[in-house]
Structures are given as C-alpha cells and as structure tokens.
Amino acid sequence: THVVTENCIKCKYTDCVDVCPVDCFKEGPNFLVIDPDECIDCAVCIPECPANAIFAEEDVPSDQVQFIAINAELSPTFPTISRAKDSLPDADDWNGVGDKLQYLER
Ligand code: F3S
C-alpha cells in the first residue's frame, strides 16, 4: 500500500485525489489517509503531492512509520474523497513545519 504521512496535516492539498484510479483516499478534517485495502500501489499520487507526504509503505521514512498504522486506523472512519478541492487556507504556511501529528483531527 501507499501511506500519507505527517506533512499532509493542516495542508490537505488534495491533488493526490484526482489521479487515484481507485478512489482509495479518505478525508478527515485536516488530513487524508489511504485505505490500505483499496490502494493498488500504482504510485501516481506520489509526485502530485505538493507536500511530498505520500510514500510507498516500504519507503516511509523511519520517523514516519507510525503513519502506516494511522492510515489503516482512520480509513474505516473517514469518508471517501474522490475529487480534489481547495487546500486548507494556510496550507502553504504549514507545508514543511515539523511535529504536526499533534494537530491531527480525527
Ligand atoms: Fe495531503 Fe498531499 Fe494529498 S498534502 S491531501 S497527501 S496532495
């Protein structure tokens, strides 16, 4: 599967959604996750993310591995998003800020 990691939080650009052929993205208030049961590992979303937040599971950086479980945990509760929408208003200010997990809304 592929995994959305910390830098999506408070950015949520959603460019990833439009290229996904299987609608495997799920939307929370300030973060998206990938449903590991739906993702077909096509990888087309990776270069679309302005926050560079998406990785193949085997490529997730060591300080981001907890997001593998977070994507799996939140997928059943977040609704599907199948079309891109406006990013969060301060997305560009939050892009690249560290320690954003504390702001993740469930
Ligand atoms: Fe998040 Fe990047 Fe998609 S910021 S919503 S994973 S384009």
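The structure under discussion appears in the preceding block.
Residues numbered from 1 in each chain as written. Predicted model: local features only at pLDDT ≥ 70, side-chain atom pairs only at ≥ 80, totals over all residues. Heavy atoms only, no water.

*Asks:* Looking at this structure, how should I read the overall build of the protein chain?
*Replies:* If you tally the helices and strands in the protein chain, you get 3 helices and 4 strands. Taken over C-alpha atoms, the radius of gyration comes to 12 Å for the protein chain, in line with the 13 Å a tight globule of 106 residues would show. By its C-alpha atoms, the protein chain is 30 × 30 × 25 Å across when sized along the principal axes. With 106 residues in all, the protein chain has 43% of them scored as buried. Long-range pairs, those at least 24 residues apart, make up 78% of the contacts in the protein chain with a sequence separation of at least 6. In the structure as shown, the protein chain presents an accessible area of about 5500 Å², 45% of it carried by carbon and sulfur atoms. Computing the positive centroid from 7 side-chain charges and the negative centroid from 21, the protein chain places the two 8 Å apart. (Helix = DSSP H or I, 4+ residues; strand = E, 2+ residues; numbered from the N terminus. Rg over C-alpha atoms; globule rule 2.2 N^0.38 Å. Buried < 20%, exposed > 50% of the residue type's maximum accessible area, 1.4 Å probe, protein only. Contact = heavy atoms within 4.5 Å. Areas by Shrake-Rupley, 256 points an atom, 1.4 Å probe, with all protein chains shown as cover. Lys, Arg positive; Asp, Glu negative; His and termini not counted. Charge placed at Lys NZ, Arg CZ, Asp CG, Glu CD.)

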